[in-house]
Amino acid sequence: MTNRLAQSRSLYLRKHAENPIDWWPWCDEAHQTAKKDNKPIFLSIGYSSCHWCTVMEGEAFSNAEIAEYMNANFLPIKVDREERPDVDSIYMQALQMMTGQGGWPLNIVLTPDDRIPFYGGTYFPVEPRYGRPGFLRVLQALRMFYDQEGEKLASRKQAIAEALHQAATIPATGELGEDLLHQGLETSVGILTARDMGPNFPMIPYAETALRATRFTTPESPYNALESCAQRGYDLVLGGIFDHVAGGFHRYTVDGTWTVPHFEKMLYDNGQIMEYLAHLWDAGVQDKAIERAIATTVTWLKREMTDPKGYFWAAQDADNFTSSTALEPEEGDFYIWDYGTLESQLTPEEFQDLQQQFDITESGNFEGKLVLQRTQKGQLSDRLETGLSKLFTLRYGSDRDSLPTFPPARNNQEAKQQTWPGRIPPVTDTKMILSWNSLLLSGLAAAAKVWQRPDYLDLAIQGANFILENQWVNGRCDRLNYEGEPDVLAQAEDYALLIKALLDIQQASLWCSPSLELPNLQEKAIQIQAEFDELLWSVELGGYYNSVKSDDLIIQERSYLDNATPAANGIAMANLVRLFLLTENLDYFDRAEQGLLAFSTILSKSPQACPSLFAALDWYRNCTLVRIVEGQLEQLRGLYLPTVLIQKVPELPEGAIALVCQGLSCKKPATSVEELHSQLQQCQTRA
């Protein structure tokens, strides 16, 4: 028998539709019912490709005894964090305040009258294990606390509510100086340089900001920024986090050696990693392993993640079924290999090459099996590429060349009931998320520019056109799209990342001519920025709210902390500077300054928390526009110019090849390549 989630569009919510728990979606009726019945709200937040969310769904949330107690004593609500990142952000921050750490599944208990949290955790096993208490005992203790400890409950609620309000209304220091920028850049380099025992995440917001520090590195610098950034790039393209057979990056690795991944593939990771690797290449780290990783990832995107309508799907699960009769999926089975299979399916020469280039041992590196991890940089031999193609065929049941597209398994039933020529694939979440699509568009644009790939740019334009033509309903932008139908109002991260993507595509098109018709992306970005400003700009505090004010949110947050994706306000402030450069409208520059000042205390006191805001501060202090005539653009190829925008103009003063403008002033027209490069160097390091 199904519960209220059965009719949800969200794959994550539908995965819980057959739980015996009487789940509600996040809605006014649920809140009012909890208040009327005086039941604490048990709020559980996750997402479809989250491994431990899947484990808890199959264990605790499917347990009849737990469900009986939960239904009688709590009002259970399920939220898909990909639908409502604003709800997730508030309660994740509360969990981190209470426990010092966070993660998903996010399970948190709220008072019914005001939805203030008073207890939280992540994964709870049915029986005590992993140093965690059994779930039923936790629920019983919480209900007893709610019923019998009124004073303690009120005190705890007050402390959490005050802490959340304080975090949402941070004061400004009024300082945006040179020292602050360098502090932030060096902090990101330090975080990227640190090596530990894992888990290891891509941490691209930090990597991108650390790469900016390479412009300022001196012998006295505490770190070698380029060396650290290059190492992060090699960890990504050589490690087990990358799918060497079929392309695409997994979510993270569970160890300190970048070997064994958590096997889900998230669109937002792949977009950010592609953009970073392209920037790393421009910064001088140029290795064939990087180029191969980009090319095979784009092929994976076309084959497995692109909707026929032009947008990109959200994620692929970490788990897959080993057979049609299996009761539960197994983590990573789709991607791992037996030593004996590799030895028997490859020729002796191919297997020898594999052993030379990858970490291949009979004992394996993941539960007796093998995750492929490269041990050397450079280009793979043609013979080894042939061997990897054979592994592709073993996995998919068809060779690469004859498989331009691969149909998704949209849920567990499709995965188990459909006949697959190779292994049963993980479930793919086929919804479109605007912010994640935008991250991918930026990655495709960066790669198109660096490697001169019009097909990459065509893919980005195709995705941008779908968004521009389909995501506005009654004059408002929507965040999601389910099989061609838009849903859920856009939030700050959607607006900020879409504007960035449109500007990135526009810049890439100067370098790499697409075959598809290019809309006026600058004008579109200006229009979307106006909507963003009107709906979400905080006149009182500065910066952008995550979402519009709503009675179902206990506070209205302004996101400034980077996590797996960059914070909306960091991206937004950089966008404003870029729009100022392109339009010469000082209103954009003034608003960027107001926004950065609004978060200046965070920049000063918590530089480790907000690398994207420091990237925006870099734009603010070092923004540069290059006006250049047709035919001279090649003079800028291969330069790492993180705070530069390019504008083609029909003519310049006689003898000039470019005009470099730094912020509010312009240099004398450059008449030689050497002069142009010298001016750019000065502008990029003028802080």
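Preceding block: the structure.
These lines cover the structure that appears in this document, whether it is placed above or below. (Residues numbered from 1 in each chain as written. Predicted model: local features only at pLDDT ≥ 70, side-chain atom pairs only at ≥ 80, totals over all residues. Heavy atoms only, no water.)

Under the definition given, this model contains two disulfides. In this model, Cys-50 is linked to Cys-53 through a disulfide, with the two sulfur atoms separated by 2.4 Å. Judged by the torsion about the S-S bond (80°), the Cys-50/Cys-53 disulfide is right-handed. As far as burial versus exposure is concerned, Cys-50 and Cys-53 are alike and both buried. The side chain of Cys-661 participates in a disulfide bridge whose partner is Cys-666; the two sulfur atoms lie 2.0 Å from each other. Note on the Cys-661 and Cys-666 pair: the S-S dihedral is about 90°, so by sign convention the disulfide is right-handed. By relative accessible area, which is 4% here, Cys-661 ends up buried. Overall, Cys-666 belongs to the partly exposed group, its relative accessible area being 46%. Here the protein chain pairs its bonded cysteines, counted in sequence order, in the arrangement 1-2, 3-4. Free cysteine: Cys-229, not disulfide-bonded; nearest cysteine sulfur from Cys-610 at 17 Å. The thiol of Cys-683 is not disulfide-bonded; the next cysteine sulfur, from Cys-661, is found 8.6 Å away. (Disulfide = S-S within 2.5 Å. Buried < 20%, exposed > 50% of the residue type's maximum accessible area, 1.4 Å probe, protein only.)

Taken as a whole and assessed by the stated rule, the structure comprises 31 aromatic pairs. A ring pair is formed by Trp-537 and Tyr-544, whose centres lie 4.9 Å apart and whose planes are at 70°; its orientation type is edge-to-face. Exposure remark for Trp-537: the relative accessible area of 9% places this residue in the buried category. Ring-pair connections join several aromatic residues into one group, and the members of that group are Phe-263, Phe-334, Tyr-335, Phe-366, Phe-392, Tyr-396, Phe-406 and Trp-420. (Phe/Tyr/Trp six-rings, centres within 6.5 Å; stacked < 30°, edge-to-face > 60°.)

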